[in-house]
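What the coordinates show
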2 protein chains.
Amino acid sequence: MISPAETAACCAPLTAQPLSVEQAEQVAPLLKALADPVRLRLLSLVASRQGGEACICDLNEAFDLSQPTISHHMKVLHEAGLVDRDKRGVWVYYRVRPQALSALAALIGCPVP
Amino acid sequence: MISPAETAACCAPLTAQPLSVEQAEQVAPLLKALADPVRLRLLSLVASRQGGEACICDLNEAFDLSQPTISHHMKVLHEAGLVDRDKRGVWVYYRVRPQALSALAALIGCPVP
DNA sequence: ACAGGACATCGACTCCTGTCAATATAGACG
DNA sequence: CGTCTATATTGACAGGAGTCGATGTCCTGT
C-alpha cells in the first residue's frame with residue numbers, strides 16, 4: 001500500500017494559491033487520520049518514547065480503551081502513512097514517520113514563526 | 001465564542017512529549033475542521049484571494065455545491081477559529097487567521113527542515 | 001412599505017466513524 | 001502438538017458529519 005503521506009505536501013503552502021481538487025483529496029485523509037484525540041495522543045506517545053517506538057501493549061496500558069480499539073486507531077495512522085509497523089516476534093512496534101508530519105506542517109503553516 | 005485556535009499550540013511539538021488528554025481534545029477539533037477536502041479548498045481559496053478575503057458568493061461560484069453546504073463549511077471553519085467573519089452590508093466576508101494555521105503547523109511539525 | 005437578493009438555519013437523509021465483545025491468527029514455549 | 005499471549009479482524013451498534021431542499025433573516029433599493 002502506498003501512503004499518501006509521501007506526496008501530500010509539495011512546497012506550496014495552503015495559503016499561497018488555491019488547492020486543486022486532487023491536492024485537497026490527497027491531504028484531507030492525512031488530516032482526518034490526525035483529527036482524533038485518541039490518535040493524537042497515540043502518535044504523540046509513540047513519538048516521545050525512548051527509541052521512538054512503542055508496541056500495542058505499551059499503548060493499551062496508557063489508554064482506557066479496549067485492545068481492538070487501539071489496534072484500529074494504529075491501523076488508521078499506519079494506512080495514512082503517519083506511522084510504520086514493525087513486527088518483531090509476538091510484538092508489533094510502531095514508529096512515527098517524521099517526514100509525513102513535517103510535510104503536513106509545511107503545507108499548513110505559513111513560511112514561518 | 002472563544003475559539004480553540006488561540007490556545008491550541010504551545011511551544012511543545014507533538015513528538016517531544018506525550019500530549020495530555022486536554023491538549024489532544026483541544027487540538028483535534030481544529031484538525032477535524034481542516035480534515036475535509038471541501039474545507040481545505042475553501043480555506044485555501046479564501047487565503048489566496050487578493051486582500052485575503054472572500055464572500056460566500058465568490059465561494060459558491062467555485063464549487064459545485066449548494067449554498068447552504070458552503071455556508072455550513074464556512075461555519076465549521078469559523079467555529080474552529082480558522083477564519084474570521086465580517087459582515088459588510090449584504091455580504092459576509094471571510095478571512096483566514098494565519099496565527100491559527102501557524103500554531104497548528106508548529107504543533108504538528110518537527111522543529112525543522 | 002415592499003420586493004429582491006445574500007446568507008443562515010432547519011429538517012431529513014445517507015454514509016462514515018469510534019467503540020466494544022467475540023473470534024481469528026500467529027508466534028513462543030513447554 | 002497444545003497452550004498461552006499479543007495483535008488483528010469481524011460484526012454490530014450509536015452517534016456524527018456532509019449534503020440538499022425548504023424556509024427564515026436581514027440588508028438594500030425602489
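Note that this is a predicted model, so its numbers are computed, not measured. Numbers given for residues are sequential positions, taken from 1 along each chain in its written order. Chains and ligands are labelled sequentially in the order written, the chains with letters from A and the ligands with numbers from 1. Reporting in this predicted model follows two pLDDT cut-offs: at least 70 for local features of residues, and 80 or more for side-chain atom pairs to be given and counted; totals over whole chains, interfaces and linings ignore these cut-offs and use all residues. In computing side-chain properties, one takes all heavy atoms of the structure into account and sets aside hydrogens as well as water.

1. Some thoughts on the overall build of chain A
Scanning chain A for helices and strands turns up five helices and three strands. In chain A, the succession of α and β elements from N to C terminus is α-α-β-α-α-β-β-α. Burial status across chain A gives 49% buried among its 113 residues. Here a residue-residue contact requires only that any non-hydrogen atoms of the pair lie within 4.5 Å. Nonlocal contacts in chain A, meaning residues at least 24 apart in sequence, comprise 57% of its contacts between residues at least 6 apart. Put simply, chain A shows about 5,600 Å² of open surface, and 54% of that area lies on carbon and sulfur atoms. We count a stretch as a helix when DSSP gives it H or I for four or more residues in a row; a strand needs E for two or more, and each element gets its number in order from the N terminus. Throughout, exposure labels follow a simple rule: accessible area from a 1.4 Å probe, protein chains only, divided by the maximum for the residue type, with under 20% read as buried, over 50% as exposed, and the rest as partly exposed. Computed with the Shrake-Rupley method and a 1.4 Å probe, the accessible areas treat only the protein chains shown as cover for residues.

2. A short note on the protein's contact with DNA strand C
We call a residue near a molecule or strand whenever a single non-hydrogen atom of that residue lies within 4 Å of it. What surrounds DNA strand C is a group of 23 residues, the closest being A:R39, A:T69, A:H73, B:S71 and B:Y94. Considering DNA strand C, the proportion of its atoms within 4 Å of the protein that are sugar or phosphate atoms stands at 77%. Distance and chemistry together define a polar contact, namely a pair of N or O atoms within 3.5 Å, with one atom able to donate a hydrogen and the other to accept it when in protein, and with adjacent residues in sequence counting only for side-chain atoms on both sides. Between a phosphate oxygen of DNA strand C and a main-chain N or O atom of A:S66, the distance comes to 2.9 Å. The contact in question runs from a base nitrogen of DNA strand C to an N or O atom on the side chain of B:Q67, over 2.8 Å. When contributions to the surface near DNA strand C are tallied by element, the ones reaching two or more residues are α4 (67-79) of chain A together with α3 (56-62), α4 (67-79) and β3 (91-96) of chain B.

3. Thoughts on the state of the cysteines
Residues and elements named next belong to chain A. What counts as a disulfide here is a pair of cysteine sulfur atoms lying within 2.5 Å. Taken as a whole, this structure holds two disulfides over all chains when the rule is applied. Shown here is the disulfide that connects C55 with C57, its sulfur atoms set 2.3 Å apart. Between C55 and C57, the S-S dihedral sits near -40 degrees, and the bridge is therefore left-handed. Residue classification places C57 among the partly exposed residues on the basis of a relative accessible area of 34%.

4. Quick look at the relation of the copies chain B and chain A
To line up the copies, we fit them by least squares on C-alpha atoms, keeping just the residues with pLDDT of at least 70 in both. For the pair chain B and chain A, the relating rotation is 180 degrees, the translation along its axis is 0.0 Å, and the fit reaches an RMSD of 0.0 Å. With respect to symmetry, the two chain copies, as superposed, fit the operation of a two-fold axis. Every residue of chain B has its C-alpha some distance from the rotation axis, and the shortest such distance is that of B:A105, at 2.2 Å.

5. Overview of the environment of B:I56
All names here are of chain B. With respect to the helices, strands and loops of the structure, I56 is situated in helix α3. Residue class for I56 comes out buried when judged on its relative accessible area of 15%. Along the backbone, I56 and Y93 are 37 residues apart, and their C-alpha atoms lie at a distance of 7.1 Å. In this structure, I56 is in contact with I70, S71, M74, V92 and Y94, ignoring residues within four places of it in sequence.

6. Describing the protein's contact with DNA strand D
Surveying the vicinity of DNA strand D reveals 23 residues, the closest of which are A:S71, A:Y94, B:R39, B:T69 and B:H73. Of what DNA strand D places within 4 Å of the protein, 77% of the atoms are sugar or phosphate. B:S66 places a main-chain nitrogen or oxygen 2.9 Å from a phosphate oxygen of DNA strand D. Secondary-structure elements contributing two or more residues to the surface near DNA strand D are α3 (56-62), α4 and β3 (91-96) of chain A together with α4 of chain B. Here the surface near DNA strand D is composed, by residue class, of 11 nonpolar, seven polar and five charged. Throughout this entry, Asp, Glu, Lys and Arg are counted as charged residues, while Ala, Val, Leu, Ile, Met, Phe, Trp, Tyr, Cys and Pro are counted as nonpolar. The remaining residues, Gly among them, count as polar.

7. With respect to the interface of chain B and chain A
The interface of chain B with chain A comprises 33 residues on the first partner and 32 residues on the second. By convention, the term buried area covers the 1.4 Å-probe accessible surface removed from two parts as they join, with the contributions of both added. For the chain B and chain A pair, buried surface summed over both sides reaches about 2,800 Å², with 80% attributable to carbon and sulfur atoms. Salt bridge, as applied in this entry: a Lys or Arg side-chain nitrogen positioned within 4 Å of an Asp or Glu carboxyl oxygen. The tally of links between chain B and chain A comes to zero salt bridges. At the junction of chain B and chain A, the tally comes to six residue pairs in polar contact (both at pLDDT 80 or more). With eight residues, helix α1 (residues 21-34) of chain B is the single largest residue contributor to the side of chain B that touches chain A.

8. Describing the side chain of A:H73
Within the secondary structure layout, A:H73 lies in helix α4. Ignoring anything within four residues of it in the chain, the contact list for A:H73 reads A:D36, A:V38, A:R39 and A:L42.

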